[in-house]
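Each chain, letter by letter, is given below.
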Amino acid sequence: MVSNATARGSQACIVGIGETEYTARGGIRDRGELALACEAVLKAAADAGLSVSDIDGLASFANDASVPWLMQEALGLPELRFASMAWGGGGGGCYAAIAHAASAVESGAASHVAVFRSLCQGQGRRYGQGYDVPHGPAFLDPFGMMSPPLMLAPLAQRYKHDYGVRDVQVAGVALAFRDNASRNPRAVFRDRPLTLDKYLESRLITEPFRLYDCCQENDGACALIVTTHERARDLQGGAVSILAAGQGAEPGWGSGGLGSHNMPADDYRSGGGRHLAQRLYGKAGIGPGDVDTAQIYDHFAHFVLMNLEAFGFCGRGEAGGFVEDGHIAWPGGSLPLNTAGGHLSEAYIHGLNLAVEGVRQLRGVSTSQVKDAEVCLLANSASAAILAR
């Protein structure tokens, strides 16, 4: 699904961003996920110069517990004309929610759609406890795959083995993102520097993932307001165009690396996203060389390497060298990545905080601002979006 408006006036854009505080898992005890979601939406509306009563659409992803009728009641929305939830295990559908919102405003189904995500990982089930869901992910439990690191490790191990990726190359991802977080006052790990020696000496969680390859567990929420350029003319927030947004996966990808370990090897070790990338670049009328910065879903560092290849920034098996050569670093890199710190060092809000940072980059207000940034890619294996100033 990719929105198809051609006139700039009817083209979708992001006009507001909002965030709660981000804390480590269990850091927020006085509010639940619904309250945090509402707080983020209210801040995004204020950033756009909108009244909350102007919002008539809601979009989220992956079994969000903050269901639309409760959000409408809690926010006091006078009318809810559009509500959607994109598929995708975990944060796999995060940018599909942006695509849904873009389609809604471009088609006239809604005027202003809030895209949101809220997590209180300290108030829910702890990772690693398995699943008591009939006919659900529990079929992996007998094989010891009871948490995302265990489920995704075979895919990362195959990629690392087939292409000769070295630990020091993977470390470049974690080090670059931690450095970016050091400049970001919102980042949970802003005051916790990371060195190569510390990375290499860290314990294995499950091979090949070391401690610093794994995303955080966090509490917090963030939101975006999507409307059309025509409506944005009367708003105070700096509008950022959505050139293309969509979702999709390779044959056999299914639930992604969380459970699809029997797909063709070439697709398996790619991490997904190749077909989606071609489709979105075609829609936006650009190529990888036009992208100034990218915010890539970094639940585990190895998947950043896979996505660099899937989205065309380097050839198959070349991402390790691409990172080692300094291309993803800020400042000075040709493609600075996850400039707020990403999931590894800012916070894990299921991908949507990466979209918030993409908007900041194109507004020129990031704490690791890429000079003259005009195009930003938001990417993971199952959904992606291309934003432009």
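Going by the structure above, here's the rest.
## Notes on the overall build of the protein chain
Link 1 in the chain: The helix and strand inventory of the protein chain stands at 13 helices and 12 strands.
Link 2 in the chain: For the protein chain, whose C-alpha radius of gyration is 19 Å, the value lies close to the compact-globule estimate of 21 Å for 389 residues.
Link 3 in the chain: A principal-axis box enclosing the C-alpha atoms of the protein chain has dimensions of 55 × 45 × 40 Å.
Link 4 in the chain: Across the 389 residues that make up the protein chain, the buried fraction comes to 60%.
Link 5 in the chain: Sequence-distant contacts, at least 24 apart, represent 77% of the contacts inside the protein chain between residues at least 6 apart.
Link 6 in the chain: Element-wise, carbon and sulfur atoms account for 51% of the exposed surface of the protein chain, whose accessible area totals about 14,400 Å².
Link 7 in the chain: The protein chain carries 31 positive and 40 negative side-chain charges, and their two centres are separated by 1 Å.

## What to know about a nonpolar patch on the surface
Link 1 in the chain: A cluster of nonpolar side chains, L34, W69 and L70, forms an exposed patch at the surface whose accessible area comes to about 300 Å².
Link 2 in the chain: By the element assignment, L34 lies in helix 1 (residues 33–48).
Link 3 in the chain: L34 gets classed as partly exposed once you look at its relative accessible area, which sits at 30%.

## Some points on the pattern of salt bridges
Link 1 in the chain: Within the structure shown, the criterion is met by 18 salt bridges.
Link 2 in the chain: A salt bridge links R31 to D30, with the nearest nitrogen and oxygen atoms 3.2 Å apart.
Link 3 in the chain: Taking relative accessible area as the criterion, D30 reaches 63% and is therefore assigned exposed.
Link 4 in the chain: Ionic pairing is found between R186 and E346, a salt bridge with its closest N-O pair at 3.9 Å.

## Some points on the packing of aromatic side chains
Link 1 in the chain: Taken as a whole and assessed by the stated rule, the structure comprises 4 aromatic pairs.
Link 2 in the chain: Centre to centre, the rings of F209 and F300 are 4.5 Å apart; their planes meet at 15°, and the pair counts as stacked. Taken together, the residues span a long stretch of sequence, with F209 in strand 7 (residues 209–210) and F300 in the loop between strand 10 (293–296) and helix 10 (301–310) at a distance of 91 residues.
Link 3 in the chain: Centre to centre, the rings of Y297 and Y348 are 6.3 Å apart; their planes meet at 80°, and the pair counts as edge-to-face. Linking Y297 in the loop between strand 10 and helix 10 with Y348 in the loop between helix 12 (342–345) and helix 13 (352–363), this pair joins segments that are 51 residues apart in sequence.
Link 4 in the chain: Judged by its relative accessible area of 5%, Y297 is buried.
Link 5 in the chain: Take Y348: its relative accessible area is 6%, and that puts it in the buried class.
Link 6 in the chain: Through successive ring pairs, a cluster of aromatic residues spans F209, F300 and F303.
Link 7 in the chain: The ring centre of F61 lies 4.5 Å from the NZ or CZ of R117, which sits over that ring.

## Structural notes on the environment of H343
Link 1 in the chain: With respect to the helices, strands and loops of the structure, H343 is situated in helix 12.
Link 2 in the chain: Using a relative accessible area of 0% as the deciding quantity, one classes H343 as buried.
Link 3 in the chain: For the pair formed by H343 and L280, sequence separation is 63 residues and the distance between their alpha carbons is 24 Å.

## Examining the packing of helix 5 (residues 167–181) against helix 10
Link 1 in the chain: At a minimum axis distance of 8 Å, the contact between helix 5 and helix 10 shows a crossing angle of 100°. In terms of their interaxial angle, helix 5 and helix 10 are classed as roughly perpendicular. Contacts between helix 5 and helix 10 pair V170, V173 and F177 from the former with A301, H302, V304 and L305 from the latter.
Link 2 in the chain: Considering only residue class, the contact of helix 5 with helix 10 consists of 6 nonpolar, 1 polar and no charged.

## Thoughts on unusual backbone geometry
Link 1 in the chain: Residues E207 and P208 are joined by a peptide bond in cis, for which omega reads 10°.
Link 2 in the chain: Counting through the fold element by element, P208 comes out in the loop between strand 6 (204–206) and strand 7.
Link 3 in the chain: In this structure, the amide linkage connecting W330 to the following residue, P331, adopts the cis form with an omega of -5°.
Link 4 in the chain: Mapped onto the elements, P331 comes out in the loop between helix 11 (319–324) and helix 12.
Link 5 in the chain: One non-glycine residue, N338, adopts positive backbone phi at about 45°.
Link 6 in the chain: Among the secondary structure elements, N338 is positioned in the loop between helix 11 and helix 12.
Link 7 in the chain: Take N338: its relative accessible area is 0%, and that puts it in the buried class.

Cut-offs and rules
- Residues numbered from 1 in each chain as written.
- Predicted model: local features only at pLDDT ≥ 70, side-chain atom pairs only at ≥ 80, totals over all residues.
- Heavy atoms only, no water.
- Helix = DSSP H or I, 4+ residues; strand = E, 2+ residues; numbered from the N terminus.
- Rg over C-alpha atoms; globule rule 2.2 N^0.38 Å.
- Buried < 20%, exposed > 50% of the residue type's maximum accessible area, 1.4 Å probe, protein only.
- Contact = heavy atoms within 4.5 Å.
- Areas by Shrake-Rupley, 256 points an atom, 1.4 Å probe, with all protein chains shown as cover.
- Lys, Arg positive; Asp, Glu negative; His and termini not counted.
- Charge placed at Lys NZ, Arg CZ, Asp CG, Glu CD.
- Patch = residues over 30% accessible without salt bridge, like charges linked within 9 Å, V, L, I, M, F, W, Y side chains within 5 Å.
- Salt bridge = Lys/Arg side-chain N within 4 Å of Asp/Glu carboxyl O.
- Phe/Tyr/Trp six-rings, centres within 6.5 Å; stacked < 30°, edge-to-face > 60°.
- Lys NZ or Arg CZ within 6 Å of the ring centre and 35° of its normal.
- Axes fitted to C-alpha atoms, helices over the stretch in contact; angles between N-to-C directions.
- Parallel < 35°, antiparallel > 145°, perpendicular 65-115°, else oblique.
- Nonpolar A, V, L, I, M, F, W, Y, C, P; charged D, E, K, R; others polar.

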